[in-house]
Amino acid sequence: MRHIIKLPPKMSYYEADGLKVLDIRATRVNVIPRVLKGVDIVLAKQAQIEYVAPDYRGHLVETITSWSKGAQPETVYAANEKIAILKKSFIQKEQFGPDFFETPYSARHICSGYPDEEMHLPSKLSFHWNPQERIGSLNAGKTWLLERPVIQNISEVIMPNLDKMQRRLKQEALEKRKIKHRDQRKDHSMIVFITGGMYRR
């Protein structure tokens, strides 16, 4: 499993009317990840967000562009019913592929049919807004990020501890070996059962 190691550019974080906003309109991000802290509103383009993590309790505000000449884009709060559908889509996609939202999703890793930019944000991103200094910070210490992101209005980024990441990688490799070994034992037991014990190693 390849982990997401960088965030897409052109994200911004700020406060508006007492609410903390994560603006991803200039990105291709299509998912609100699990354990997203310090965000009251995710601001996106119309139909940009395809999945919303079930634990997200904030708002989704979409910018709708009118094709009428001279008309200004308007922002609309997504209805609770729509968010519920997006959360259901998240759960269904996660059941189909448990690591779908934790794996890089870009052209160089899959195929040229996808944009060469990360479309998934890693889980466990924790933002904080300092109202006195009017600047924010990001704690990405529980993610797999290796490249320090550049986010507008974010002055400080806490990156993961490399030693802890190495331990997590070792633990992950161990878990994968256990699962592989368990599956091999199941397959062997099934073959023995089907062949009536004729096949044994």
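In the block above lies the structure referred to throughout.
Residues numbered from 1 in each chain as written. Predicted model: local features only at pLDDT ≥ 70, side-chain atom pairs only at ≥ 80, totals over all residues. Heavy atoms only, no water.

Enquirer: Is there a simple way to explain the overall build of the protein chain in this structure?
Expert: For the protein chain, the helix and strand inventory stands at two helices and ten strands. The 201 residues of the protein chain split such that 35% are buried. Taking the intrachain contacts of the protein chain between residues at least 6 apart in sequence as the baseline, contacts between residues at least 24 apart amount to 41%. Looking at the protein chain as shown, the accessible area adds up to about 12900 Å², and 53% of this sits on carbon and sulfur atoms. (Helix = DSSP H or I, 4+ residues; strand = E, 2+ residues; numbered from the N terminus. Buried < 20%, exposed > 50% of the residue type's maximum accessible area, 1.4 Å probe, protein only. Contact = heavy atoms within 4.5 Å. Areas by Shrake-Rupley, 256 points an atom, 1.4 Å probe, with all protein chains shown as cover.)

Enquirer: How should the nonpolar core be read in this particular structure?
Expert: Here is a general trend for soluble globular proteins: nonpolar side chains tend to be buried in one another's company. Ranked by size, the top nonpolar core spans 29 residues in total, and within it Leu36, Leu60, Phe127 and Leu138 carry the most contacts. Of all the secondary-structure elements, those providing two or more residues to this core are strand 4 (41–45), helix 1 (80–96), strand 8 (126–130) and strand 10 (154–158). Not counting residues within four places of it along the chain, the set of residues in contact with Phe127 comprises Tyr13, Leu22, Leu36, Lys37, Gly38, Val39, Ser137, Leu138, Ile151 and Ile154. Residues Tyr51, Ala53, Phe90 and Phe101 belong to the second largest nonpolar core, which totals five residues. (Core = buried A, V, L, I, M, F, W, Y, C linked by side-chain atoms within 4.5 Å.)

Enquirer: Just checking my understanding: could you explain empty space enclosed by the protein for this structure?
Expert: If you roll a probe as big as a water molecule over the atoms, it shows you where there is empty space left. Taken as a whole and assessed by the stated rule, the structure comprises one cavity of 30 Å³ or more. By volume, the largest cavity is sized at about 40 Å³. Classifying every residue of the lining of the largest cavity by side-chain character gives five nonpolar, one polar and two charged. (1 Å grid on protein atoms, 1.4 Å probe; cavity = no way out; pocket = protein on both sides within 12 Å on 5 of 7 lines; lining within 4 Å. Points joined across faces, edges and corners; volume = space filled by probe spheres on them. Nonpolar A, V, L, I, M, F, W, Y, C, P; charged D, E, K, R; others polar.)

Enquirer: Just to check I follow, could you spell out the sheet that holds strand 9 (residues 135–139) for this structure?
Expert: Hydrogen bonds between backbone atoms are what pair the strands of a sheet, whose relative direction is either parallel or antiparallel. Taken together, three strands build an open sheet; the order of strands is 8-9-10 and the sheet is mixed. Edge strands, defined here as strands with exactly one partner in the open sheet, are strand 8 and strand 10. Within this sheet the neighbouring strands show an average axis-to-axis angle of 20°, counted without direction. As judged from the five bridges shared by strand 8 and strand 9, these two strands associate in the antiparallel manner. Note that in strand 9 the partner of Phe127 across the bridge is Leu138. (Pairing = 2+ DSSP bridges. Axes fitted to C-alpha atoms, helices over the stretch in contact; angles between N-to-C directions.)

Enquirer: Which parts of the structure should I look at to understand the pairing of strand 4?
Expert: Look at any regular strand and the pattern is simple: side chains alternate between the two faces of the sheet. For strand 4, the buried fraction is high: four of the five residues fall into the buried class. In terms of strand pairing, strand 2 (residues 19–23) meets strand 4 through three bridges, oriented parallel. From the neighbouring strand, Leu22 faces strand 4, where its bridge partner is Val42.

What is shown is where atoms sit, not what they do.
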